[in-house]
Amino acid sequence: PSMTEAVARQALLHFVTSRCCYGRRAAGELAIQRLRQLGTYRYRLETFSESRLSEWVFEPFTKPGVSGPPGDASLDPWDVEVGAPRLFQSQTRRCRVPHSALVRDCHRCRGHGRSKCGVCHGAGRTRCVTCKGSRRRPTQQKRCQLCSGTGHKRCNTCSGRGSKTCATCQGEKKLQHFKQLVITWKNNVSEFVSEHHLNFPEKLLSKVSGENIFKDENMVVYPIIDFPDPEISLASQRAIAEHSAAFATSSRILRQRQTIELIPITEVHYQYSGKPYLYYIYGLENKVYALDYPERCCCSCTIV
């Protein structure tokens, strides 16, 4: 859509209002000389991939009779049926591989269900913190009342037992080992913005939206050819080749989508106090980039 002077002025007013060191007077009194309608293309390729790996994990064994004997064949990671999330939505999910469970004695407590207390080292008692084992108070030659003159007190960590419930098997004495399947769905994105030859930071364009003029979605998409801007055709060929090399061997490509957006850019030339200035309005959100706005103080403000 064509940019009007009213919309251009309103966009600048909104911009200076959001900046602490920008004054509003210049935005209200400036005289717009020319609106130069520009635009640039943004190409985006999305490859929705799925990768799987299995790892051995364990948990306390609490259900006798549910595991198979050692040597049972487990399924291949890609043979486990798992429902995929919504297309182009990254997600990680973990699930158990069927028929992979094995039961073994806990390696931490060696099947006893309890482990030696790390505070008292199995003694059940620790040195008194008040008398530091001297049996008497430091400032008085009297028997320490906290430890009753013994220099030690019952270990609070293990309640004087010298051992505590094994944190690994939680007192069950056995562990069930099984293969856990880690499934990662990832939306891999490559973007390219065509050259616009303006005094304008290209990184700002990644923060705005444009008008969608082309969309192609399939299991595998093919490079765009003969687009009016040759840079977009080359970007499509390069991105598809890179994604195929990166994801086709290490994972499964479930879906691909490529789009082209036209991002509007308007170059606004204006005068204020007899001097020429310009600013840019970009994106469908009418964001503003004003490098040399005439009315601002000296504090450090980030211009975006």
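Residues numbered from 1 in each chain as written. Predicted model: local features only at pLDDT ≥ 70, side-chain atom pairs only at ≥ 80, totals over all residues. Heavy atoms only, no water.

Engineer: If you had to explain the side chain of serine 236 to someone new, which residues and values would you point to?
Structural biologist: The residue serine 236 is located in helix 3 (residues 230-247) in this model. The exposure class of serine 236 is buried, given its relative accessible area of 0%. (Helix = DSSP H or I, 4+ residues; strand = E, 2+ residues; numbered from the N terminus. Buried < 20%, exposed > 50% of the residue type's maximum accessible area, 1.4 Å probe, protein only.)

Engineer: Now, about the packing of aromatic side chains: what can you tell me, with residues and values included?
Structural biologist: Here the structure, examined in full by the defined rule, presents seven aromatic pairs. Ring centres of phenylalanine 200 and tyrosine 280 lie 5.3 Å apart, and the angle between their planes is 75°; this geometry places the pair in the edge-to-face category. Placement of phenylalanine 200 in the loop between strand 8 (174-193) and strand 9 (211-218) and of tyrosine 280 in strand 11 (residues 275-282) is noted, with a sequence separation of 80 residues between them. Since its relative accessible area comes to 6%, phenylalanine 200 is described here as buried. Seen in terms of ring centroids, phenylalanine 200 and tyrosine 282 are 5.0 Å apart; in terms of plane orientation they differ by 75°. Their pairing is edge-to-face. Here phenylalanine 200 is found in the loop between strand 8 and strand 9, whereas its partner tyrosine 282 is found in strand 11, with 82 residues between them in sequence. (Phe/Tyr/Trp six-rings, centres within 6.5 Å; stacked < 30°, edge-to-face > 60°.)

Engineer: Could you give an account of the side chain of arginine 52, naming the residues involved and the relevant values?
Structural biologist: Here arginine 52 is to be found in strand 1 (residues 31-60). Reaching out from arginine 52, the side chain makes a polar contact with the side chain of glutamate 50 at a distance of 2.7 Å. Side-chain polar atoms of arginine 52 contact the backbone oxygen of proline 77, separated by 2.6 Å. Ignoring any residue separated from it by four or fewer positions in sequence, one finds arginine 52 in contact with Pro77, Trp78, Val80, Val82, Leu181, Val182 and Ile183. (Polar contact = N/O pair within 3.5 Å; in protein donor to acceptor, adjacent residues only side chain to side chain. Contact = heavy atoms within 4.5 Å.)

Engineer: Describe the nonpolar core, naming the residues involved and giving the relevant values.
Structural biologist: In terms of nonpolar packing, the biggest core is built from 22 residues, with Leu12, Tyr270, Tyr279, Ile281, Val288 and Tyr293 touching the most fellow members. Of all elements in the fold, only helix 1 (5-17), helix 2 (25-29), strand 10 (252-272) and strand 11 reach the threshold of two or more residues within this core. Here the element with the most residues in this core is helix 1; it accounts for six residues. Residue contacts for tyrosine 279: discarding those within four places in its chain leaves Ala8, Arg9, Leu12, Ile32, Thr266, Glu267, Val268, Tyr270, Val288, Tyr289 and Ala290. Core analysis: the next-biggest nonpolar cluster, separate from the first, contains 11 residues, Leu198, Tyr280, Tyr282 and Tyr289 among them. (Core = buried A, V, L, I, M, F, W, Y, C linked by side-chain atoms within 4.5 Å.)

Engineer: Which residues make up the pairing of strand 11, and what are the values?
Structural biologist: With eight bridges connecting them, strand 10 and strand 11 associate as antiparallel partners. Along strand 11, the bridge assignment pairs glutamine 271 with proline 276. Taking the residues that link successive antiparallel strands as the turn, the strand 10-strand 11 hairpin has two residues, and the phi of serine 273 there is positive, at about 55°. Direction of pairing for strand 11 relative to strand 12 (residues 287-289): antiparallel, over a ladder of three bridges. The residue bridging tyrosine 282 from the neighbouring strand is lysine 287, located in strand 12. Linking two consecutive strands that pair antiparallel, namely strand 11 and strand 12, is a turn of four residues; a positive phi of about 80° is found at glycine 283 within it. (Pairing = 2+ DSSP bridges.)

Engineer: Give me helix 1: which residues, what numbers.
Structural biologist: A rise of 1.5 Å per residue sets the reference length of helix 1, with its 13 residues, at 18 Å; its end C-alpha atoms lie 18 Å apart and thus fit the reference within 8%. Every buried residue belonging to helix 1 is among Ala8, Ala11, Leu12, Leu13, Phe15 and Val16, and all of these are buried. Against helix 2, strand 1, strand 10, strand 11 and strand 12 lie the buried residues of helix 1. (Expected span 1.5 Å × (residues − 1).)

Engineer: Before we move on, could you go through unusual backbone geometry and cite the residues and values that matter?
Structural biologist: Of note in the backbone geometry, phenylalanine 88 takes a positive phi value of approximately 65° without being a glycine. Relative accessible area serves as the criterion here: at 7%, phenylalanine 88 is assigned to the buried category. The backbone of lysine 173 shows a phi angle near 75°, a positive value even though the residue is not glycine. Along the chain, lysine 173 turns up in the loop between strand 7 (163-165) and strand 8. Classification of lysine 173 by relative accessible area gives partly exposed; the value is 42%.

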